[in-house]
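Chain by chain, the residues run as shown.
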Amino acid sequence: MHQHRCATATSIATELPPYCQGDLDGLCGPYALINALRITLEPYRIISDDEARDLLRQMVDHAIPPKQMAESLRDGITWPRLRKMAMLLAELATDKVTGVQLIEVSASNEAERWETLSLLVEAGSPVLFHDNTIDHYTVAIGLTASRVRLYEGDGQQWLARVGLRLRHAMAFIVEPA
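In short, a report on the structure. Here the structure is a predicted model, which means the values were calculated and not measured. (Residues numbered from 1 in each chain as written. Predicted model: local features only at pLDDT ≥ 70, side-chain atom pairs only at ≥ 80, totals over all residues. Heavy atoms only, no water.)

Re the nonpolar core
Note the following rule: Each nonpolar core is a collection of buried residues, namely Ala, Val, Leu, Ile, Met, Phe, Trp, Tyr and Cys, held together in the definition by side-chain atoms within 4.5 Å. For the exposure calls, accessible area comes from a 1.4 Å probe over protein chains only, and a residue counts as buried if that area is under 20% of its type's maximum, exposed if over 50%, partly exposed in between. What counts as a helix is a DSSP run of H or I of at least four residues, what counts as a strand is a run of E of at least two, and both are numbered from the N terminus. Residue contacts follow a heavy-atom distance rule, with two residues in contact if any of their heavy atoms lie within 4.5 Å.
Counting 32 residues, the largest nonpolar core has Leu33, Met85 and Phe172 as its most contacted members. Going through the elements one at a time, helix H1 (28–41), helix H2 (49–63), helix H4 (79–96), strand S3 (136–143) and strand S6 (166–174) are the ones with two or more residues in this core. Once residues within four sequence positions are removed from consideration, leucine 33 is found in contact with Met59, Leu82, Met85, Ala86, Leu89, Leu128, Met170 and Phe172. Membership of the second largest hydrophobic core comes to 14 residues, among which are Trp114, Leu120, Val148 and Leu166.

This is how it looks when you write it as structure tokens:
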């Protein structure tokens with residue numbers, strides 16, 4: 001009788017972490033935008049996977065000139081391009097749910113930006129933000145004085161706020177009719 005034993009392709013495979021979205025591309029911004037919008041609209045209207053894919057395509061087509069596509073996908077999406085994508089998403093979402101607005105955090109210093117982010121999260125809004133320390137866009141769905149809860153592709157996680165540098169932030173909100 002043949003016995004099964006544990007086999008791996010190489011011993012390196014158990015030590016070498018696999019790539020995740022964002023490791024080889026700069027699409028964390030568009031993904032974070034779609035995640036923030038999905039959470040915002042969930043009580044009112046569910047966005048299907050096909051709709052999310054279509055929104056991603058529309059955002060990229062709208063904000064990135066074809067000649068700069070490869071560079072943007074490899075090196076990341078700038079804040080002005082991400083803002084342009086977010087404005088398009090808010091416009092498209094208003095076609096699905098009346099009263100979707102985009103709020104951009106425009107405080108002059110980081111402490112004020114964290115305070116505004118905190119107020120938005122307390123009000124129930126997921127907030128897309130840019131951590132300048134690691135050059136990454138993500139979505140905050142919870143906040144304490146010392147930690148921020150992220151809604152990421154690899155799951156929800158708490159991250160210490162120490163060391164984060166909040167550069168930009170925005171949220172979608174639904175204004176009651």
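Notes on the packing of aromatic side chains
Heads up, the condition is: What counts as a ring pair is set by centres within 6.5 Å for rings of Phe, Tyr and Trp (its six-membered ring), and what kind of pair is set by the plane angle: stacked under 30 degrees, edge-to-face over 60, tilted for all other angles. Ring-over charges, as used throughout, are those where CZ of Arg or NZ of Lys falls within 6 Å of the ring centre and within 35 degrees of the ring normal.
By the definition in use, this model includes two aromatic pairs. Ring plane angle 25 degrees and centroid distance 6.0 Å describe the contact between tryptophan 79 and tyrosine 137, whose orientation is recorded as stacked. Within this pair, whereas tryptophan 79 is found in helix H4, its partner tyrosine 137 is found in strand S3, the two being separated by 58 residues in sequence. Tyrosine 137 shares its class with tryptophan 79; the two are buried. Ring plane angle 55 degrees and centroid distance 6.0 Å describe the contact between tryptophan 114 and phenylalanine 129, whose orientation is recorded as tilted. Remark: phenylalanine 129 occurs in strand S2 (residues 127–131) and tryptophan 114 occurs in helix H5 (residues 110–122); sequence separation between them is 15 residues. Across the ring face of tryptophan 158, the terminal group of arginine 147 is positioned such that the distance to the ring centre comes to 4.5 Å. Arginine 161 extends its terminal NZ or CZ atom over the ring of tryptophan 114, reaching a point 4.2 Å from the ring centre.

Concerning H2
Rules: An expected span of 1.5 Å times one less than the residue number is assigned to each helix. The arc in question is traced by the directions running from the helix axis to the C-beta atoms.
Its 15 residues give H2 an end-to-end C-alpha distance of 21 Å, which sits within 8% of 21 Å, the value for a rise of 1.5 Å per residue. For H2, the complete set of buried residues consists of Ala52, Leu55, Met59, Val60 and Ala63. All buried residues of H2 lie within an arc of 125 degrees about the axis, which places them on one face of the element. Opposite its buried face, H2 presents the exposed residues Asp50 and Arg53, each directed more than 90 degrees away.

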